[in-house]
Amino acid sequence: MVTPDGDPGPASRGTDPDGLGVVLRVPRALAADLGGRREVVLPVPDRRRLDGLLDALVPVHPALARRLRDETGSLRRFVNVYVDGLDVRRSDGLATPVGAGQTVEVIQSVAGG
């Protein structure tokens, strides 16, 4: 919900009260690779794209970065990523724009029967 002054409100900003970073949320299964947390606020990447945000994970959370992308840099087959609820595979993929106040959610597909 947008307030009269144009603020998207706290729900859109995740837990980044200033709305200056990008909120990254992961499922419980990946929390260990994010230092035991399920959510972190990352600085907006220089390229302002999803691939830049994921590149920024490599030096600080290398295990998580490896679980999200394969050796070619593509998203792994059973990893779904959403930017503010939009499936990036149905958008611009790794070139999907990300900016301050947005939320990136990672969801692992479950296979089996």
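Please read all numbers here as calculations on a predicted model, not as lab measurements.

## Details of the side chain of Arg69
(1) Moving on: Along the polypeptide, Arg69 turns up in the loop between helix 3 (62–68) and strand 3 (79–83).
(2) Moving on: Within polar-contact distance, the side chain of Arg69 engages the side chain of Asp55 at 2.3 Å.
(3) Moving on: Ignoring sequence-local partners within four residues, the contact set of Arg69 consists of Asp51, Leu54, Asp55, Ser74, Leu75, Arg76 and Leu94.

## So, the nonpolar core
(1) Moving on: Among the nonpolar cores identified, the biggest contains 22 residues, and Leu24 and Val104 are the most heavily contacted of them.
(2) Moving on: When residues of this core are traced back to their parent elements, those giving at least two are strand 1 (22–25), strand 2 (39–42), helix 2 (50–60), helix 3, strand 3 and strand 5 (103–108).
(3) Moving on: With four residues, the single largest contributor to this core is helix 2.
(4) Moving on: Setting aside chain neighbours within four positions, we find Leu24 in contact with Arg38, Glu39, Val40, Leu42, Leu57, Leu64, Val104 and Val106.

## Let's talk about the sheet that holds strand 2
(1) Moving on: Spatially, five strands are ordered 2-1-5-3-4 in an open sheet, and the strand pairing comes out mixed. With partners counted over all chains shown, the strands left at the sheet margins are strand 2 and strand 4 (86–87), one partner each.
(2) Moving on: Where strand 1 and strand 5 come together, three bridges link them in parallel fashion. Looking at strand 5, one finds that Arg25 is bridged to Glu105.

## Thoughts on the pattern of salt bridges
(1) Moving on: Under the definition given, this model contains eight salt bridges.
(2) Moving on: One salt bridge in this structure joins Arg47 and Asp51, with 3.6 Å as the shortest N-O distance.
(3) Moving on: Judged by its relative accessible area of 11%, Asp51 is buried.
(4) Moving on: Here Arg90 and Asp87 are joined by a salt bridge, their closest N and O atoms 3.7 Å apart.
(5) Moving on: Since its relative accessible area comes to 73%, Arg90 is described here as exposed.
(6) Moving on: When its relative accessible area of 15% is taken as the criterion, Asp87 is described as buried.
(7) Moving on: What you see here is one network of salt bridges that share partners, running through Arg47, Arg49, Asp51, Asp55 and Arg69.

## A closer look at the environment of Arg66
(1) Moving on: Along the chain, Arg66 falls in helix 3.
(2) Moving on: We classify Arg66 as exposed; its relative accessible area is 54%.
(3) Moving on: C-alpha separation for the pair Arg66 and Asp33, spaced 33 residues apart in sequence, amounts to 9.7 Å.

Cut-offs and rules
Residues numbered from 1 in each chain as written. Predicted model: local features only at pLDDT ≥ 70, side-chain atom pairs only at ≥ 80, totals over all residues. Heavy atoms only, no water. Helix = DSSP H or I, 4+ residues; strand = E, 2+ residues; numbered from the N terminus. Polar contact = N/O pair within 3.5 Å; in protein donor to acceptor, adjacent residues only side chain to side chain. Contact = heavy atoms within 4.5 Å. Core = buried A, V, L, I, M, F, W, Y, C linked by side-chain atoms within 4.5 Å. Buried < 20%, exposed > 50% of the residue type's maximum accessible area, 1.4 Å probe, protein only. Pairing = 2+ DSSP bridges. Salt bridge = Lys/Arg side-chain N within 4 Å of Asp/Glu carboxyl O.

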